Amino acid sequence: MRILIVEDSNVLRESLEQGLREAGYAVDSVADGRRGLIHARTTDYDAIVLDLGLPELDGLSVLRTLRERGLLTPVLVLTARDSVEDRVLGLRTGADDYLVKPFALAELLARVGALIRRAKGSATPIIRVGTLTIDTSARTIRVGEGRAIELAPREYALLEYLAHRAGRPVTRHELEEHLYDDRARVMSNAVDSAVCALRATLENAGCPAIIHTRRKVGYVLSSEAPA
Amino acid sequence: MSIGARLTRSLLLAMIPLVLAAGVGLYVFVHAALQARVDDALFTRAAALSALVKFEAGAIELDFTAETSAMSRHDTGSGHAEYYELWTLEKTGAKTVLERSASLGGEDLALPPDHGIDSVPANAWNGPLAGGHEGRLAARRFTPAADPEAEERSGPAIRPAAASTPEVLLIVAQSRRDLDRTLGVLGAALAGAGAVLIVGMTIAVRGALSRGLSPIADLVDQVEAIGPTDLTARIGLAGTPLELAPLALRTNAMLDRLASAFAREKRLGATAAHELRTPIAEIRAVSELALSRERTPGEYRRSLSTVLSTSVRMGDAADAILRLARVQSGRERPVLEPVDAVESLLPAWERWISPLESRHIRVLASIPAGTLVRADRAMLGVVFDNLCANAAEHTPEGGEVSADRSDANHPEITLIITNTISGPRGDHPIPDGTGQLHAGLGLLLARSMLEACDGSLATREENGQFVATIRIGPVAS
């Protein structure tokens, strides 16, 4: 999952970036509204964390422009303005959630996770594909009734992304865009390598093959073997 | 109790006694006038009868034939009957009835209880008449005149004459019935007219007060329409009476000041929230992140260093907010004196702007030496410090910062600090409600301090530059 942070405070932006990265997200961050708008319009993010008090172009204007141009990426507004009027204005402008500074990092991670889940059309944090169970809130996976399987953050992000689109093919380009941020040096076969590693981990845990390759398309997560 | 009710009560309490006094006075006057007319008639009658009493041949002779024809009957209740009674007064003090009118029916007319023959009252008085009804009486004591022609006549005297002319007491009377009836009608008419007048006055006073107080009611309605949270409503001045216009004007001015104060407070609140909540969020995020897993000593050191520097910044922000609150509330008052603008700018310029040259930022200062302004020296230093810090923070590498003086078409001294900004903002203004750009705490503080020094600070963004224009009064020549 790839997140965009638009926050002018260097300390806060870097902390959020690190926290989200350690939680397994690919993260891009910018310090002003103008660049935030450019990033949001040119990259398919899974969620945007947007501060309101920004130089260049304020957060509400960024949000308004995104919605006017039909971009439906979930937006978590981050602000020091805590009045009811400010919250209502932010939500009416198109924000999906509102978090007032100061906040707990854990709460921000939980809200971002919930936003992504809702955007993918899932009301529950549990995704089941065959015998595989993915708890997106606890970020754990199990095979059958077995114990939780340890996955590297990148592997987990790949599995969750495929799980949200279970049964549908996902292109390599899409996976690359959602799993790697601007800082990552992505090799041409990075996605294939990550899929290979994930398959091996799942197989070692006793999970049947559920990640299938679609030639010249990409990958599909399904409990049924392709025809 | 409403003002209308109070005024109505006060006016009626003042006017009703006047009406009652006027009615009573009129009644007393008419009563006295009518009674005086009756009394005059009685005394005239007494004088006429007296003239008919003669002393001749040692006896008193009466010739009331013509005069008493009208008195010769009893009063039958018409009230028009008249009465008289005539006594001779002997030197011995005895009195003898000589004649009385037939209307008396043989009864006497009495003098007032506190008067006797020796003290006949000069004025008329009220007393009982025959038949039991009240009458008006008048008395006259006199000595009948001698009749010189009587000696030549041989007719007999009516009464044997005494050795000398005796005195005579004549009492005439008239029923009060007509007078009392007239006075009764007058009293009733006055009472009725008074009641009607009081009722009419009450209605008229209430109506007049209602019309007169309607502008106050309108004013109250307009004031009531101003909600506790809505400071945009104002009192309309059209049609407001002259007496209330100052009140409406002052109220509107007060609302303007309140709205301005609320807007300033809101701006300060928003700025303070941003300036304080953001560093708290930074400290919390850095701390939580550091504690979320085992870190290297270097990572912990960096986290602590960030927490420390953020705490210092938060302390500076708290100081600035407190100082801003003191300036805006008037507790920190400026000491206005001649200040050299260049000398005041120099410390801030050297602290914030001069180091920018190492970042390939062009620095230009062209304020003439000896530019004297009238300001508080310390406050002007804070203003320049904040503007320079703002310029240093937002000027990108390769940009430019300049300070100029431009007084064209303006009576005040105008200093302009300009810095390049990183790029166009697009079509969307910053919706902070102030109409100002870069409206951080520093600029808010600078603006408040300049206003306290009777100056102003305007900021704008044009052609990729942020322009801060300071206007401040010159030193009087």
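Fair warning: this is a prediction, and the values are worked out from it, not measured in the lab.

S.K.: Looking at this structure, I do not really get the pairing of strand β4 (residues 95-100) of chain B. What am I missing?
M.R.: Looking along a regular strand, one sees the side chains alternate between the two faces of the sheet. Residues and elements named next belong to chain B. Two elements, strand β3 (residues 82-89) and β4, share 5 bridges in a ladder whose sense is antiparallel. Bridge pairing in β4 links Leu89 to Lys95. The hairpin formed by β3 and β4 contains 5 residues between the paired strands, and Gly93 there has a positive phi angle of roughly 100°.

S.K.: Honestly, the sheet that holds strand β2 (residues 26-30) of chain A in this entry has me stumped. Any pointers?
M.R.: Two orientations exist for strands paired in a sheet by backbone hydrogen bonds: parallel and antiparallel. All names here are of chain A. Taken together, the 5 strands give an open sheet; going across it, the order is β2-β1-β3-β4-β5, and neighbouring strands pair in parallel fashion. Strands at the two margins of the open sheet, each flanked by one partner only, are β2 and β5 (97-100). Averaged over all adjacent pairs, the angle separating strand axes in this sheet is 20°, with direction ignored. Direction of pairing for strand β4 (residues 75-79) relative to β5: parallel, over a ladder of 4 bridges.

S.K.: Even after reading the chapter, I still don't get the interface of chain A and chain B, so can you show me in this structure?
M.R.: The extent of an interface is frequently quoted as the accessible surface area lost upon association of the parts. Each side of the interface is counted separately: chain A has 23 residues, and chain B has 25 residues. Summed over both sides, the interface of chain A with chain B buries roughly 2,300 Å², with 57% coming from carbon and sulfur. Taken as a group, Glu22, Glu56 and Pro102 of chain A account for 24% of the area that chain A buries against chain B, more than any other trio of residues on that side. At the surface where chain A touches chain B, the tally comes to 2 salt bridges. As a salt-bridge pair, Glu22 of chain A and Arg293 of chain B come within 3.6 Å of each other at their nearest N and O atoms. At the boundary of chain A with chain B, the tally comes to 6 residue pairs in polar contact (both at pLDDT 80 or more). Secondary structure elements with two or more residues in the side of chain A that touches chain B: α1 (10-22), α3 (59-68) and α5 (105-119) of chain A. Of all the elements, α1 of chain A adds the most residues to the side of chain A that touches chain B, at 6 residues. Looking at the side of chain A that touches chain B residue by residue, the class counts come to 10 nonpolar, 7 polar and 6 charged.

S.K.: Please clarify how the pairing of strand β12 (residues 400-405) of chain B should be interpreted in this entry.
M.R.: All names here are of chain B. Where strand β10 (residues 362-365) lies against β12, 4 bridges are found, and the strand directions are parallel. For Ala365, the partnering residue across the bridge sits in β12 and is Ala403. Where β12 meets strand β13 (residues 413-420), 5 bridges bridge the pair, whose relative direction is antiparallel. Bridging from a neighbouring strand, Arg405 pairs with Leu415 of β13.

Procedures and definitions
Counting restarts for each chain, with residues numbered from 1 along the sequence as it is written. Each chain is given a letter, starting from A, and each ligand a number, starting from 1, according to the order in which they appear as written. Predicted model: local features are reported for residues with pLDDT of at least 70 only, side-chain atom pairs are reported and counted for 80 or more only, and whole-chain, interface and lining totals are derived from all residues. The side-chain numbers reported here are obtained from all heavy atoms of the structure, hydrogens and water having been left aside. Only strands that DSSP links by at least two bridges are regarded as paired with each other. Strands here mean DSSP runs of E at least two residues long; helices mean DSSP runs of H or I at least four residues long; both are numbered from the N terminus. Helix axes are fitted to C-alpha atoms over the stretch in contact, other axes to C-alpha atoms as well, and angles between N-to-C directions run from 0 to 180 degrees. Only heavy atoms enter the contact rule, under which two residues are in contact if any of them lie within 4.5 Å. Accessible surface is computed with a 1.4 Å probe, and the buried area is the amount of it that two parts give up when combined, taken over both parts together. When a carboxyl oxygen of Asp or Glu is within 4 Å of a side-chain nitrogen of Lys or Arg, the pair counts as a salt bridge. Within 3.5 Å is the distance limit for a polar contact, defined as a pair of N or O atoms, with the added protein rule that one can donate a hydrogen and the other accept it, and that residues adjacent in sequence qualify only through two side-chain atoms. Residues are grouped as follows: Ala, Val, Leu, Ile, Met, Phe, Trp, Tyr, Cys and Pro are nonpolar; Asp, Glu, Lys and Arg are charged; every other residue, Gly included, is polar.

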